[in-house]
Amino acid sequence: MEYSILAEVFQKMESTTKRLELTQFLVELFEKTPHEVVSKIVYLIQGKLRPDFEGIELGVAEKLAMKAISKSSGIAIKKIQEAYTKDGDMGHAAAVILEQKTQTTFLMESITVERVYETLFKIAKLEGSGSQDMKIKYISSLLNDASPLEASFILKILLGTLRLGIAENTVMDALAITYSGDKQNRKLLQNAYNVSSDLGKVAETIAVEGIEGIKKFKISLFNPIRPMLADRVKSEKEVIEKMGNEFAIEYKLDGERVQIHIAGERIELFSRSLEKISDYYPDITEKMPKIIQADDAILEAEIVAINENTGDFLPFQELMHRRRKYKIEKAVTEYPITVNFFDVLYCNGKDCTELNYNERRRKLESIVKQNEFAKFIPMTIAKNENDIEEFFENSINAGSEGLMLKMLDKPYQAGSRGSHWLKLKREYRNELGDSLDLVVVGGFFGKGRRTGSYGTLLLSTYDENTDTFPSICKVGTGFTDDSLDQLYQILNPKTTIKKNPRINSEMEADVWFEPELVIEVVASEITLSPIHKVAKDEIRKGTGLALRFPKFTGKIRLEKTAEDASTDEEVISLYKGQNKAVRDKNLIQ
Ligand code: ATP
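Source: prediction; values computed, not measured. (Residues numbered from 1 in each chain as written. Predicted model: local features only at pLDDT ≥ 70, side-chain atom pairs only at ≥ 80, totals over all residues. Heavy atoms only, no water.)

## Quick look at unusual backbone geometry
Phase 1: Of note in the backbone geometry, L274 takes a positive phi value of approximately 70 degrees without being a glycine.
Phase 2: With respect to the helices and strands, the residue L274 is situated in the loop between strand 4 (266–270) and helix 14 (282–291).
Phase 3: Taking relative accessible area as the criterion, L274 reaches 12% and is therefore assigned buried. (Helix = DSSP H or I, 4+ residues; strand = E, 2+ residues; numbered from the N terminus. Buried < 20%, exposed > 50% of the residue type's maximum accessible area, 1.4 Å probe, protein only.)

As structure tokens, this is what we get:
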């Protein structure tokens, strides 16, 4: 397939933010796409080469890209740098430069999607000495044969700056329309995506086998399943209202969620955001084969750091010491953990997600052999508020965050947040100020003690409907010297020259970041705001919502992606709940 077809669609998509138009452009693209290329196209439009969980990163730096442009065009790097600084977009700057190419290439081969994809793949796989030169060679060979438009989009993919403004939902809408003629089939595609986390595989299945293939789509080992999530509740009373008179309650441990895939000798661990984390936990991969008594299985557990002497649970932060590439063996002994199982999604060749909670828990207990390292999350069956209250006290005393409440007769719903699972945390109970997970989108340089770091951060929620990040507050309190330092290290590589178009903010930050990092924040109140963009026009026309007196709790939520951050709906519901609480209090007084 000619790469020019893809580049032209990219250009059209960049010129609009309207979801219907974007969907239509994608439909036109898929109609021109041969079945064997469709998965590659789906990865490329998301700026990827493979699904996220495979961890294949292009990792090309701007400097290297400039060298490649220079090699291909014969134009000095200094000039390229100037054009880039003026434009702010390397892809676009390259297109302008290549228009004035001084070196003429006589043998222009037309480039195909397959060639671009394979070359990018080779670049991603290169490492070690000499790899930089090889990367330059590969990139410039593509640029030699590319038109300026094609070159600009090759560079955007390489540098990770392709911004088409499409979320996975839009891609699935377009796939459903193209290959089944009915947008409603998006739901079936969503199910397939939820159990595979691989949009390319879903696209190939519907293209080759049609909607029937999607209906038969199955869980595969080593393809992570998107996790089932819980709604929050604020009181025992609310739990009873939502769950009825018999349900399971489990400790909500404050650790890292892990999905363990095991088949014979092979074992792989995935985080809540479906990143491969096997390397951080060699103790788990080593011990599991003896603990899990099944030919193959997919299990869910919470990894919790413990105090080796007392066996007490330690807070989530302790696990961050495991997130390192080197000297992991030392971290394993210094920061011991336990693995606390709570679900089974697949076992001995069979999908278990269709089973109800009771059946899954029984199966889990039948295949996991408990010991000091591997345990079941404490669970009991509750019937009333007292039962919850009592278990809640026990769980807090044991060092957990609160409770998870689960309906007994419900299956595992991959990828969905709903009321079949609820969470009741200590901080939610009867409080106005709640904790929120927010995306860091901008920074303001610090003064005094904070010179050389970002003293204040601009934060956003995630708006699922528009796939954007509306601003909610600036936060400048709650930071220690250590956390400022750590945040600077993480955020500095995420700075961008121009604000990412998915960031919705009227405020001008000193620096903009790619919306990726999530941090936890508490606040005293949610107020109406003329500046911030969360839930704009929802409560009052022309007004959004903002946090009053926000404070960083110290938790950097590396296990969450920006799309897992608190949503506008959550903020609206907190705002409404808070106003109700104030009204109730005034009535009582
Ligand atoms: P939070 O910010 O509260 O950790 P979340 O968005 O990561 O929430 P939720 O489904 O809303 O996910 O809350 C459940 C989280 O709590 C899980 O992701 C998991 O890490 C953790 N957890 C601890 N104990 C349990 C348990 N018994 N069952 C399920 N999840 C548990």
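From this point, the discussion proceeds with the structure in view.
## Regarding the nonpolar core
Phase 1: Counting 106 residues, the largest nonpolar core has Y3, F30 and I45 as its most contacted members.
Phase 2: Inspection of this core shows a minimum of three residues originating in each of domain 1 (48–159) and domain 2 (229–429).
Phase 3: Leave out the neighbours within four places in its chain, and I45 touches L6, F10, L26, L29, F30, L162, L164, I166 and V171.
Phase 4: Counting residues in each nonpolar core, the second largest holds 32 residues, with I260, I267, M320 and F376 among its members. (Core = buried A, V, L, I, M, F, W, Y, C linked by side-chain atoms within 4.5 Å. Domains from an automatic or database assignment. Contact = heavy atoms within 4.5 Å.)

## Some remarks on helix 12 (residues 199–215)
Residues spaced three or four apart along an α-helix point in a common direction, a consequence of the helix completing one turn every 3.6 residues.
Phase 1: Between its first and last C-alpha, helix 12 extends only 15 Å over 17 residues, short of the 24 Å set by a 1.5 Å rise per residue.
Phase 2: In the structure, helix 12 departs most strongly from a straight axis at E209, where the bend amounts to approximately 130 degrees.
Phase 3: On its buried face, helix 12 sits against helix 3 (38–45), helix 10 (168–180) and helix 11 (186–196).
Phase 4: Where helix 12 starts, the residue carrying a side-chain oxygen 3.1 Å from the main-chain nitrogen of G200 turns out to be D198. (Expected span 1.5 Å × (residues − 1). Bend = angle between axes of the 7 residues up to and from the residue. Polar contact = N/O pair within 3.5 Å; in protein donor to acceptor, adjacent residues only side chain to side chain.)

## Focus: the pattern of salt bridges
Pairs can form between side chains of opposite charge once their charged atoms are near each other.
Phase 1: Taken as a whole and judged by the stated rule, the model has 38 salt bridges.
Phase 2: Ionic pairing is found between R322 and D283, a salt bridge with its closest N-O pair at 2.8 Å. Taken as a pair, R322 in the loop between strand 5 (296–305) and helix 15 (328–334) and D283 in helix 14 lie far apart in primary sequence, 39 residues in all.
Phase 3: Among the salt bridges present, the one from R548 reaches E525, with a minimum N-O distance of 3.0 Å. Taken together, the residues span a long stretch of sequence, with R548 in strand 20 (residues 544–548) and E525 in strand 19 (residues 525–529) at a distance of 23 residues.
Phase 4: Through salt bridges with shared partners, a single ionic network connects K252, D254, E401, K425 and K555. (Salt bridge = Lys/Arg side-chain N within 4 Å of Asp/Glu carboxyl O.)

## Let's talk about the confidence of the model for the protein
Phase 1: The share of residues in the protein with pLDDT of 70 or more is 95%, and the mean pLDDT across the chain is 90.
Phase 2: Here residues 585–589 is modelled with pLDDT under 50, and outside its nearest four sequence neighbours on either side it reaches 0 contacts, counting other chains as well. (pLDDT = per-residue confidence, 0-100.)

## Overview of helix 1 (residues 3–14)
Phase 1: When the terminal C-alpha atoms of helix 1 are compared, their 17 Å separation across 12 residues agrees well with the 16 Å that a helix rising 1.5 Å per residue should span.
Phase 2: For helix 1, the complete set of buried residues consists of Y3, L6, A7, V9, F10 and M13. Buried residues of helix 1 fall within an arc of 165 degrees about the axis and therefore sit on the same side.
Phase 3: Buried-residue contacts for helix 1 involve helix 2 (19–31), helix 3, helix 7 (113–125) and helix 9 (148–159). (Arc of directions from axis to C-beta.)

## Quick look at the site of the ligand
Phase 1: Of all residues adjacent to the ligand, which total 20 residues, the nearest are E250, R272, E302, R417 and K423.
Phase 2: Between the ligand and L253, the relevant distance is 3.1 Å, taken from a nitrogen atom to a main-chain nitrogen or oxygen of the residue.
Phase 3: Measuring from an oxygen atom of the ligand, one finds a side-chain N or O atom of K423 at 2.6 Å.
Phase 4: Notes on the ligand: free accessible area 590 Å², of which the protein chains cover 97%.
Phase 5: Counting only elements with at least two residues in the shell around the ligand, the list comes to strand 1 (229–232), strand 2 (247–252), strand 10 (402–407) and strand 11 (417–425).
Phase 6: At 4 residues, strand 11 tops the list of elements feeding residues into the shell around the ligand.
Phase 7: Tallied by class, the residues present in the shell around the ligand amount to 8 nonpolar, no polar and 12 charged. (Near = heavy atom within 4 Å. Areas by Shrake-Rupley, 256 points an atom, 1.4 Å probe, with all protein chains shown as cover. Nonpolar A, V, L, I, M, F, W, Y, C, P; charged D, E, K, R; others polar.)

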